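Structural features, examined
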Amino acid sequence: MKTLHVNLSDRGYPIWVGEGLLADAGALLARRGFSLAPVVIANRTIMRLHGETLMRSLQRAFGRTEIIRIGDGERFKTHATLLQIYREMFRAHADRRSWILAFGGGVVGDIAGFAAATFMRGIPFVMAPTTLLAQVDSSIGGKVGINVAEGKNLIGAFHQPAAVLSDTGVLKTLPKRELASGLYEVIKCGAIRSERLLRYLEKKLPEILSCRAAELQHIILAAARIKADVVASDEREGGLRMILNFGHTAGHAFEAATGYRKFKHGEGVAWGMIAALAYGRELGLMNTRDSARLVRLIRSVGRLPSINAISVDTLWESFIRDKKFQSGDIRMIFLRRPGEAEIHTGVDASSLRRFLKKFLASGGNLI
Ligand SMILES: NC(=O)c1ccc[n+]([C@@H]2O[C@H](COP(=O)([O-])OP(=O)(O)OC[C@H]3O[C@@H](n4cnc5c(N)ncnc54)[C@H](O)[C@@H]3O)[C@@H](O)[C@H]2O)c1
Ligand SMILES: [Zn+2]
């Protein structure tokens, strides 16, 4: 097991990464100072696959442990599920001294974290993320929340976990598309901050895709460190934290333009990065060799669902509806070179739209 410390002024916490950690969860958390049993929040899928290992370990350390099961999928990240969680917590006699253990992917982490942020005005929570995306991204940074009809993640809070426990072993049961989706976020971390991570990914991709423990541990730690560093220096998203949105402005638009049905989030981001790389090259911000190298790495992860059926009008609609766009000042993240990101403000809307039209017409093959 390796430990990474997230340094936040008053609320630092450890991220533990290792193979088979779930079986030690109880002991690790007891050593961290927890003495009561947590309320575990999870969905049925993850409970069926890995619930027994976790529960046995928690029961050994804390005795009887309550589980709240929620529906599986983004469509359950709603206030209705949140109310279900509150109700079941009251029924289980949870109070201010209780704490939550979020066991699952980003959906469970976001909603269980928001329940922890709001139940009795805030109780502690621990994350045990079980998707690659959750281990490298959503479990770090303290953003928690739910979706509403008006949009995704529009209701939420900042609530930092007391610890994050990432077992690389659970990723073996993850569907390949979900694994790839998380991997695109890892590539993003390398692209904005670490050429070294990019080189590692280029070299070890087959081992990573076959879920070899050592390689997974390496990339999870590297990506988590990058996100944690960026977040620690800009906890509430004033400036630097924006670089984590590389590929996300266009990525969100690809997701929204297809009704959030065609692409996994990471796949949208992969297309968003490819588009940003192509546009950056066109603007003369990055040379052809570097941008082609990154596109090659992104494409070598697997086949992306095609963007052929998307019209530029639909895509543009989604672009300008994005909450980050609405100030009228269009900001985009570009790379100077692999491992180095740059925030650009005042991106020209009409040339961006022209570029997107060309990008779509090429099927995303401008590079
Ligand atoms: N808070 C943040 O900073 C942040 C950052 C990025 C994403 N997110 C949020 O994260 C969510 C996406 O998270 P996700 O990609 O983890 O999706 P997810 O939580 O829906 O998990 C994907 C699927 O994999 C299943 N699963 C989970 N672990 C598994 C395992 N080990 N084996 C087999 N199946 C498993 C889940 O049940 C689900 O069906 C979105 O709601 C997004 O908004 C939040
Ligand atoms: Zn993302």
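Residues numbered from 1 in each chain as written. Chains lettered and ligands numbered in written order. Predicted model: local features only at pLDDT ≥ 70, side-chain atom pairs only at ≥ 80, totals over all residues.

1. A short note on the overall build of the chain
Tallying secondary structure elements over the chain gives 13 helices and 11 strands in all. Taking 367 residues into account, the globule formula puts the C-alpha radius of gyration at 21 Å, and the chain, at 20 Å, falls close to it. Seen through its C-alpha atoms, the chain measures out along the principal axes to roughly 60 × 40 × 35 Å. Within the chain, the proportion of its 367 residues that are buried is 48%. Across the chain, every contact between residues at least 6 apart in sequence was considered, and the portion connecting residues at least 24 apart equals 73%. (Helix = DSSP H or I, 4+ residues; strand = E, 2+ residues; numbered from the N terminus. Rg over C-alpha atoms; globule rule 2.2 N^0.38 Å. Buried ≥ 20, exposed ≤ 12 C-beta atoms within 10 Å, placed from the backbone. Contact = placed C-beta atoms within 7 Å.)

2. Observations concerning the domain arrangement of the chain
Entries for the chain in the domain assignment read domain 1 (2–173) and domain 2 (179–361). On a C-alpha basis, the centres of domain 1 and domain 2 stand 27 Å from each other. Listed as interface residues are 22 residues of domain 1 and, on the opposing side, 22 residues of domain 2. Mapped onto the side of domain 1 that touches domain 2, the elements with two or more residues apiece are strand 1 (2–6), strand 2 (13–18) and helix 5 (132–138). (Domains from an automatic or database assignment.)

3. Overview of the packing of helix 3 (residues 79–91) against helix 4 (residues 106–118)
Packed helices, taken two at a time, are described by the angle between their axes plus the distance between the axes. Contact geometry of helix 3 with helix 4 gives a least axis separation of 10 Å together with a crossing angle of 55 degrees. One element, helix 3, and the other, helix 4, form an angle in the oblique class. As for the relative orientation of helix 3 and helix 4, their crossing is right-handed in sense. In this structure, helix 3 uses Thr81, Leu82, Ile85 and Tyr86 to contact helix 4, whose residues at the interface are Ile111, Phe114 and Ala115. Across the contact of helix 3 with helix 4, the residue classes tally to six nonpolar, one polar and no charged. (Axes fitted to C-alpha atoms, helices over the stretch in contact; angles between N-to-C directions. Parallel < 35°, antiparallel > 145°, perpendicular 65-115°, else oblique. Left-handed = near helix turned anticlockwise from the far one by under 90°. Nonpolar A, V, L, I, M, F, W, Y, C, P; charged D, E, K, R; others polar.)

4. Points about helix 4
Helical geometry note: an α-helix holds 3.6 residues per turn, so side chains three or four residues apart project in the same direction. Its 13 residues place the ends of helix 4 18 Å apart at the C-alpha level, agreeing with the 18 Å of an ideal helix rising 1.5 Å per residue. By the criterion of burial, helix 4 is predominantly enclosed, with 12 of the 13 residues buried. Within helix 4, the full set of buried residues consists of Gly106, Val107, Val108, Gly109, Asp110, Ile111, Ala112, Gly113, Phe114, Ala115, Ala116 and Ala117. Count one or two residues on from helix 4 and you reach methionine 120, which has phi positive near 50 degrees. (Expected span 1.5 Å × (residues − 1).)

5. Overview of the site of ligand 1
The environment of ligand 1 is made up of 30 residues, and the closest members are Gly105, Gly106, Val107, Thr131 and Ser138. Contributions of two or more residues to the shell around ligand 1 are made by helix 2 (44–62), helix 4, helix 5 and helix 6 (176–193). When its residues are assigned to classes, the shell around ligand 1 shows nine nonpolar, 14 polar and seven charged. (Near = placed C-beta within 6 Å.)

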